[in-house]
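Survey of secondary and tertiary structure
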Amino acid sequence: MDSEDKLSSETSRNSSMRNDSSKRFILDHQRFSHFDSQQPRLKCDDPASLDYEIGTEPPFSRFNQSSEPSSSRPCNPKAQNEILDQLDVRANEMFVDPTRIHNWDPRAMLSNLSFLEQKIHQLQSLVHLIVGQEGRISGRSDELVAQQQQLVSADLTSIIVQLISTAGSLLPSVKSTLSTGNPFVSQLGNINGVGCPPSIHTNDELEQENRETKGFNHSDVEQKANYVLEQNYAGKSNPSISTIEEHEFKDEEDAGEGENLPPGSYEVLQLEKEEILAPHTHFCLICGKGFKRDANLRMHMRGHGDEYKTPAALAKPTKESTMEPVLIKRYSCPYVGCKRNKDHKKFQPLKTILCVKNHYKRTHCDKSYICSRCNSKRFSVIADLKTHEKHCGRDKWLCSCGTTFSRKDKLFGHVALFQGHTPALPLDETKGSTSDGGESNEATARVRSTGFNFSSSTSSGSGIQNVLDPKSSVDDPSNYFSPMNFDTCNFNGFHEFPRPPFEVPESSLSFLLSGSSNYIPKTGGSLGSESLS
Amino acid sequence: MKKQKSMEAFEFKPFDLLNDEILFAILDCLEENPVDKKSFSLVCKSFYFVESQHRKTLRPLPSDFFRKILNRYPFVSNLDLSLCPRITDNTLSMISSLCNSTLRSINLSRSKFFSHVGLSSLLLNCLSLVELDLSNATELTDSAASVIREAKNLEKLWLARCVLISDLGIGCIAVGCRKLKLLSLKWCFSVTDLGVGLIAVKCKEIRSLDLSYVPITNKCLPSILQLQYLNDLVLVGCAGLDDEGLTNLRQGSMSLETLNLSDCQNVSHVGLSSLTNGAGCLRQLIIAYGPPVTLALTDSMQRLPKLQSVKLDGCQITSSALKAIGYWCISLRELSLSKCSGVTDDGLSFLVTRHKELRKLDITCCREITRVSIDNITTSCTSLTSLRMESCNLVSEEAFISIGQNCHFLEELDFTDSEVDNEGLKSISRCSGLSVLRIGICLNITDEGLIHVGMHCPKLIELDLYRSAAITDLGIAAIANGCRMLEMINIAYSKDITDSSLISLSKCSRLSILEMRGCPCISSMGLSAIAVGCKQLTRLDIKSCFNINDSGMVRLAHFSKNLKQINLSYCSVTDIGLLALASISCLQNVTILHMRGLTANDLAAALVACRGLTKVKLHSTFKSLLPQPFIEHIESRGCAFQWRDKPFQVAVDARSWKRQLEATL
């Protein structure tokens, strides 16, 4: 591919992206059109025109690549910090070594900056307006406030995107000295560097470029030094992950049970709890929407422009069929004391990431899915619930203790084993016989509760389950992310940036802001990522 | 007040000298005959009171005065409702409230009209219930069984033919009734290994277990055989048992005394030997209709040191096996080879010469044996008490003489369909202890022989003269005079017997079963004499006694209050006689076929009036004549109809009948 073509394609992608963001902007405004009269209308065409002016110039591709990880981790505070840092220090750092930077067009940069200036002014006037309003109308509805906040955040988003892209134009194209392809990725992954977000590999080409990209910020590089990086990382683990996702193994948790790999013959990777529990692992770089499968993401990407519709973009990211011998990967459960944890004496590794997920949920999480039919069986993996629901109700053999059995001989074995347990008759038969009601019901309740305790104590082995609220651990994204390593981060100049003390629509800003250390995004916003895709 | 008055009058009352304890002691001696107690209670008020306090066992008739009866006898602990075909939930709750915790045993085996509701109210109050007979309660379900589990003290439980009770119910009983010692699950077709296995696991006290015709397999046997106290195990008709599974048994039951493996098609000597392995206490082994009795089978039985009784009815048996039994070092007391094919003089003779202690021998239908065997039996087994040799046709007359000469302790003799003659009867009349004598279809005997029996066998209780056509009034009179203990007599198809026989038989006050079908000379007069004299009469067969008419029925209805069963076919009885009969409250079982002049309306009236009926045999033409709602009504009272379509039969004489019989064989 010659550089001209490449550049043009990248440019067009960028322009489409810009279009997209501006479109979003418009959308936001249209949604709250009643507000329009009070605020200066944004010239939404401007970014696009600007982009077109600088058609031969590639910075947006840089932006695209560099921001990719951050957008793929919508809730990662680090990414945001990075960006904010960037914003802050741009003035000093941007021009540190202009000669090093190939393809850098100061004029384009200038136009970008002027655009930014314009934007910031617009925002300023908007905020002024709001402040003015505050004085006049005291009894504003919360809805209005929210709308204004959304507007402001939309503007902010736009500005930040622009900033990043501008900064991105400064990025040198020289080969990075770093072994890792992307600093963000390594940071996002935990200390062991396992959790590389698979979304990076939505596009091989991008990935390739990613690796060529150097860390664009020195502070980033410094931060990166705080992390222990897995030696073998080098972007190889990802294809395996995506393959697994696509094949969708249902229950492979014990697959590695009998394989008896000699210790050391395989590489042990360990994901963090948050990583395991994250609902999505593939995120759209453009809108931030999350997906469980890479394939779904690729389908989604088609909506972002024609360039995602090419067979190459839609094709399954092929495994890099390098001839290097691939070290077998096995996974460790992050739960200390678990047999699947690598520190356990009789450690038995898990075969795949899916195994890790299922194992962790089954063994160390609350069983929050309750069967709607029997209202007694609980599961932590939804697939288990579905499997159970297929058979629930067919367990017609019932003990007085409330335990049900699918086979009569199992029931009788159970009754023979336990003193005082009696085979219970099906309900339609016992109704009418009133004499044996009270006692047996009582017994039922008693044993049922003990049975539950029993199960929970065996499954957890410690108090973690009781601490974690199942609901929040599943639904509330704020719980996915422990405040990992925040303290060690260098929030250089971060606090100067006005943090939005209001709810940010996830659609516009979540991938940038949601993870900031003490900012807890509200959940369940109707403006979720769905609204944009 | 009354007492004071009598005191004032210084009236001497001899019964006042008898205190309650003495009266109780007297009553204890009257247990045998229920009529005696009734008479006792009718002496005076205090006797009446004492009797009502004394009675522990009650077997009431179906009546509307059930509550009064229970009120009268407050200390009844044993309630036998086997005469009551219609026990409902209401009855049970009444019993529960009246009997309370005094009730220890209740028999509901003839009713299927109660449900778990009644049972639960019964068990609510009757906490000390120990015995519960629910046989034939075919409508009971598992919910009833789950109620039974509340009877924690239950020791004996009969569930025969409770076909709806399944493993779940049995499981409930097993968990609840831990003290069970006897359990009968005969014909419980819904019970499998699981239920039975749970019984064996939970009820460690079990002594007696009847699993006849229960669809069990080998799986439940190990746990059953480990029951520590198991004495009696009945496995009749368990087709699920087979050799393959039985060979896996590690050890048989140590405590088992009686084992019934009859009709288990898939169990051969292999299974038997592993089942009885280590069963050192086994006394009785019943393998009727089982595998061929070969040397292998007898060898497996040989290892049982305490074996006393062997029943091999209906089996194929080889001569060598018979001899092998003879070689056993133990001495059998009881041997049954009834209907066995392959029993020869050779084998049997050897066997009996080695088992001299034999008390009971059954060689019914061993058609090949001759006088040789009988001679050997009589000479070696002199202490025989029971000898059954029905249909041993090849045994000649002289053999019977030797029986009487050598075996003086005989109590039961079955010579049905044999060549025994008057000399033989004269010889066996030496057995003064004889109580059962069956000489039906013995065409060689006449009054002469019977007179010998009547003169020398005063303990005779049962006499069967079925189709022994040469018997006349003389012989019967001799029996009636000599054998006052007689309880059962069959004089069917004796053409020469007249009313005078019945008049003489009416002196036998204990007579309860009288079969005299096909005696054309008997009339209502004779029957009236029986009705007056034999108050205990419970079963009467007067089929084809054409001369018996309504007057006989009226007398019968008036005097025989204990009559339970009657066959009236071909009689000259009309609606009047039937209606009169209907007043007998005990009457349960009636057969009415080919009665001329009986209309459907008459029949309906009689059936409605007869409240205690449980079974009625009618000609199938009535099925369409009687209105369906009526039939349903009668059925709802606990009566079952049996519709017969027999053609009208003309009587045949004894010899031609026997020729017919032999022709069919």
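All figures in this text were calculated on a predicted structure; none of them were measured in a lab.

A few points about the overall build of chain B
- Counting its regular elements, chain B contains 29 helices and 24 strands.
- Relative to all contacts within chain B whose residues are 6 or more apart in sequence, the contacts with residues 24 or more apart total 72%.
- When the accessible area of chain B is evaluated, it comes to approximately 27,600 Å², of which 54% is carbon and sulfur surface.

Section: the overall build of chain A
- Along chain A, the regular secondary structure elements total 21 helices and nine strands.
- Among the 533 residues that make up chain A, the fraction classed as buried is 50%.
- Sequence separation of 24 or more characterises 70% of the internal contacts of chain A that already satisfy a separation of 6 or more.
- Of the roughly 26,200 Å² of accessible surface on chain A, a fraction of 54% belongs to carbon and sulfur atoms.

So, the UniProt feature "domain: C2H2-type" (unreviewed entry) in chain A
- With numbering matched to this structure, UniProt assigns "domain: C2H2-type" (unreviewed entry) to residues 282–309 of chain A.
- Within the segment residues 282–309 of chain A, helix and strand shares are 29% and 14% respectively, and the terminal C-alpha atoms sit 18 Å apart.

Topic: the interface of chain B and chain A
- Facing the 20 residues of chain B at the interface are 21 residues of chain A.
- Across the chain B/chain A interface, buried area totals approximately 1,700 Å², and carbon plus sulfur atoms make up 65% of it.
- Counting across the chain B and chain A interface gives one salt bridge.
- Inspection of the chain B/chain A interface yields four residue pairs in polar contact (both at pLDDT 80 or more).
- Taken together, the elements giving at least two residues each to the side of chain B that touches chain A come down to α7 (116–125), α8 (142–148), α9 (167–176) and α10 (193–202) of chain B.
- Tallied by class, the residues present in the side of chain B that touches chain A amount to six nonpolar, eight polar and six charged.

Side note on unusual backbone geometry
Residue and element names in this part refer to chain B.
- Its identity is not glycine, yet asparagine 136 carries a phi of approximately 65°, on the positive side.
- When you line up the elements, asparagine 136 lands in the loop between β4 (131–133) and α8.
- Even without a glycine there, the phi angle at serine 544 is positive, about 60°.
- Looking at the element boundaries, serine 544 is found in the loop between β20 (539–541) and α24 (550–559).
- The buried category is assigned to serine 544, whose relative accessible area is 14%.

Describing the side chain of B:Ser494
Residue and element names in this part refer to chain B.
- Structurally, the position occupied by serine 494 is in the loop between β18 (488–490) and α22 (499–505).
- With relative accessibility at 1%, the residue serine 494 sits in the buried group.
- Leave out the neighbours within four places in its chain, and serine 494 touches Leu465, Ser468, Ile471, Gly518 and Cys519.

Considering the pattern of salt bridges
Residue and element names in this part refer to chain B.
- Tallied over the entire structure, the rule returns 21 salt bridges over all chains.
- One salt bridge connects arginine 149 with glutamate 150, and the closest N-O pair in it is separated by 3.6 Å.
- A salt bridge links aspartate 346 to lysine 323; its shortest N-O distance comes to 3.0 Å. Within this pair, whereas aspartate 346 is found in helix α16 (residues 345–354), its partner lysine 323 is found in helix α15 (residues 319–327), the two being separated by 23 residues in sequence.
- Judged by its relative accessible area of 45%, aspartate 346 is partly exposed.
- For lysine 323, a relative accessible area of 29% gives the class partly exposed.
- When salt bridges that share partners are traced, they join Arg388, Glu412, Asp414, Arg438 and Glu462 into one network.

Re the sheet that holds strand β8 (residues 404–405) of chain A
Residues and elements named next belong to chain A.
- The antiparallel open sheet is built from three strands, whose spatial order is β8-β7-β9. Looking at the sheet topology across the chains shown, the edges are occupied by β8 and β9 (423–424).
- Looking at chain direction, strand β7 (residues 397–399) and β9 are connected through two bridges and run antiparallel. Opposite cysteine 399, over in β9, you have proline 423 as the bridge partner.
- Along the sheet, helix α16 (residues 408–417) makes contact with β7, β8 and β9, crossing β7 at roughly 15°.

Here's the deal with helix α4 (residues 45–54) of chain B
- Taken together, the buried positions of α4(B) are B:Phe47, B:Val50, B:Glu51, B:Ser52, B:Gln53 and B:His54.
- At its buried positions, α4(B) is contacted by α2 (20–29), α3 (34–41) and α5 (66–72) of chain B.

Considering the packing of aromatic side chains
All names here are of chain B.
- Under the defined criterion, the tally for this structure stands at six aromatic pairs over all chains.
- Between tryptophan 187 and tyrosine 213, the aromatic rings sit 6.1 Å apart at their centres with planes inclined by 15°, giving stacked as the arrangement. Placement of tryptophan 187 in the loop between β6 (182–184) and α10 and of tyrosine 213 in the loop between β7 (208–210) and α11 (221–225) is noted, with a sequence separation of 26 residues between them.
- Judged by relative accessible area, tryptophan 187 falls into the partly exposed class, the value being 31%.
- For the pair phenylalanine 400 and phenylalanine 415, a centre-to-centre distance of 4.7 Å together with 75° between the ring planes defines the contact as edge-to-face. Note that phenylalanine 400 is positioned in helix α18 (residues 397–406) and phenylalanine 415 in the loop between β15 (412–414) and α19 (422–428), a separation of 15 residues in sequence.
- A residue is classified by how much of its surface remains accessible, and phenylalanine 400, at 0% relative accessible area, is buried.
- Overall, phenylalanine 415 belongs to the buried group, its relative accessible area being 0%.
- We note lysine 186 situated over the ring of tryptophan 187; from NZ or CZ to the ring centre the distance is 4.5 Å.

Quick notes on the confidence of the model for chain B
- When pLDDT is averaged along chain B, the result is 90, and 98% of the positions lie at 70 or above.
- Quick note on the complex model: pTM equals 0.61, ipTM equals 0.80.

A short note on helix α23 (residues 524–533) of chain B
- Buried residues dominate α23(B), accounting for seven of its 10 residues.
- The inward-facing, buried residues of α23(B) abut α22, β19 (513–515), β20 and α24 of chain B.

Some words on the side chain of A:Asn341
Residue and element names in this part refer to chain A.
- Tracing the sequence through the fold places asparagine 341 in the loop between β4 (328–332) and α14 (353–364).
- Separated by 2.9 Å, the side chain of asparagine 341 and the backbone nitrogen of aspartate 343 make a polar contact.
- Those residues in contact with asparagine 341, other than ones at most four positions away along the chain, are Gln270, Ser332, Cys333, Pro334, Tyr335, Val336 and Phe347.

So, the nonpolar core
- If you look at the biggest cluster of nonpolar residues, it comprises 206 residues, and the most contacted ones within it are B:Ile95, B:Leu159, B:Ile224, B:Leu235, B:Leu312, B:Ile439 and B:Met516.
- Of the residues that make up this core, three or more belong to each of domain 2 (236–307) and domain 3 (488–493 + 502–664) of chain B.
- The next biggest cluster of nonpolar side chains, apart from the first, holds 14 residues, and it includes A:Leu269, A:Ile276, A:Leu350 and A:Cys355.

Considering the packing of α2(B) against α4(B)
Residue and element names in this part refer to chain B.
- Following both chains from N to C, one finds α2 and α4 inclined at 65°, their axes separated by 10 Å at the closest point. Judged by the twist between their axes, the crossing of α2 over α4 is right-handed. The residues of α4 that touch α2, namely those facing Asp20, Leu23, Phe24, Leu27 and Asp28, are Phe47, Val50, Glu51, Gln53 and His54.
- A per-class count over the contact of α2 with α4 returns five nonpolar, two polar and three charged.

A short note on the environment of B:Thr258
Residue and element names in this part refer to chain B.
- Relative to the assigned elements, threonine 258 resides in strand β9 (residues 258–260).
- Along the backbone, threonine 258 and serine 309 are 51 residues apart, and their C-alpha atoms lie at a distance of 9.1 Å.
- What threonine 258 contacts, discounting residues up to four positions off in sequence, is Asn231, Asp232, Leu233, Leu282 and Gln284.

Description of the environment of A:Arg302
Residue and element names in this part refer to chain A.
- Following the sequence through the fold, arginine 302 ends up in the loop between α12 (294–301) and α13 (311–314).
- Residue arginine 302 is classed as partly exposed on the basis of its relative accessible area of 33%.
- Separated by 11 residues in the primary sequence, arginine 302 and alanine 313 have C-alpha atoms spaced 8.9 Å apart.
- Ignoring sequence-local partners within four residues, the contact set of arginine 302 consists of Tyr308, Lys309 and Leu314.

Things to note about the confidence of the model for chain A
Residues and elements named next belong to chain A.
- Predicted confidence across chain A gives a mean pLDDT of 58, with 38% of residues reaching 70 or more.
- Per-element confidence in chain A is highest for α16, whose mean pLDDT is 89, and lowest for helix α18 (residues 437–460), whose mean pLDDT is 38.
- Every residue in residues 172–257 scores below 50 in pLDDT, and together they form 182 contacts with partners more than four places removed in sequence or on other chains.

Section: the pairing of β4(A)
All names here are of chain A.
- Counted residue by residue, β4 has four buried out of five residues, so it is predominantly covered.
- Where strand β1 (residues 266–270) lies against β4, five bridges are found, and the strand directions are parallel. By the bridge assignment for β4, valine 268 is matched with arginine 330.

What about the state of the cysteines?
All names here are of chain A.
- Counted according to the given criterion, the structure contains zero disulfides over all chains.
- Between cysteine 365, a free cysteine, and cysteine 333, which holds the nearest cysteine sulfur, the sulfur-to-sulfur gap is 9.2 Å.
- Of the residues examined, cysteine 365 reaches a relative accessible area of 8% and is grouped as buried.

The rules behind the values
Residues numbered from 1 in each chain as written. Chains lettered and ligands numbered in written order. Predicted model: local features only at pLDDT ≥ 70, side-chain atom pairs only at ≥ 80, totals over all residues. Heavy atoms only, no water. Helix = DSSP H or I, 4+ residues; strand = E, 2+ residues; numbered from the N terminus. Contact = heavy atoms within 4.5 Å. Areas by Shrake-Rupley, 256 points an atom, 1.4 Å probe, with all protein chains shown as cover. Buried < 20%, exposed > 50% of the residue type's maximum accessible area, 1.4 Å probe, protein only. UniProt positions renumbered as here; feature names shortened; annotations may be inferred. Buried area = accessible area lost by both parts, 1.4 Å probe. Salt bridge = Lys/Arg side-chain N within 4 Å of Asp/Glu carboxyl O. Polar contact = N/O pair within 3.5 Å; in protein donor to acceptor, adjacent residues only side chain to side chain. Nonpolar A, V, L, I, M, F, W, Y, C, P; charged D, E, K, R; others polar. Pairing = 2+ DSSP bridges. Axes fitted to C-alpha atoms, helices over the stretch in contact; angles between N-to-C directions. Phe/Tyr/Trp six-rings, centres within 6.5 Å; stacked < 30°, edge-to-face > 60°. Lys NZ or Arg CZ within 6 Å of the ring centre and 35° of its normal. pLDDT = per-residue confidence, 0-100. Core = buried A, V, L, I, M, F, W, Y, C linked by side-chain atoms within 4.5 Å. Domains from an automatic or database assignment. Left-handed = near helix turned anticlockwise from the far one by under 90°. Disulfide = S-S within 2.5 Å.

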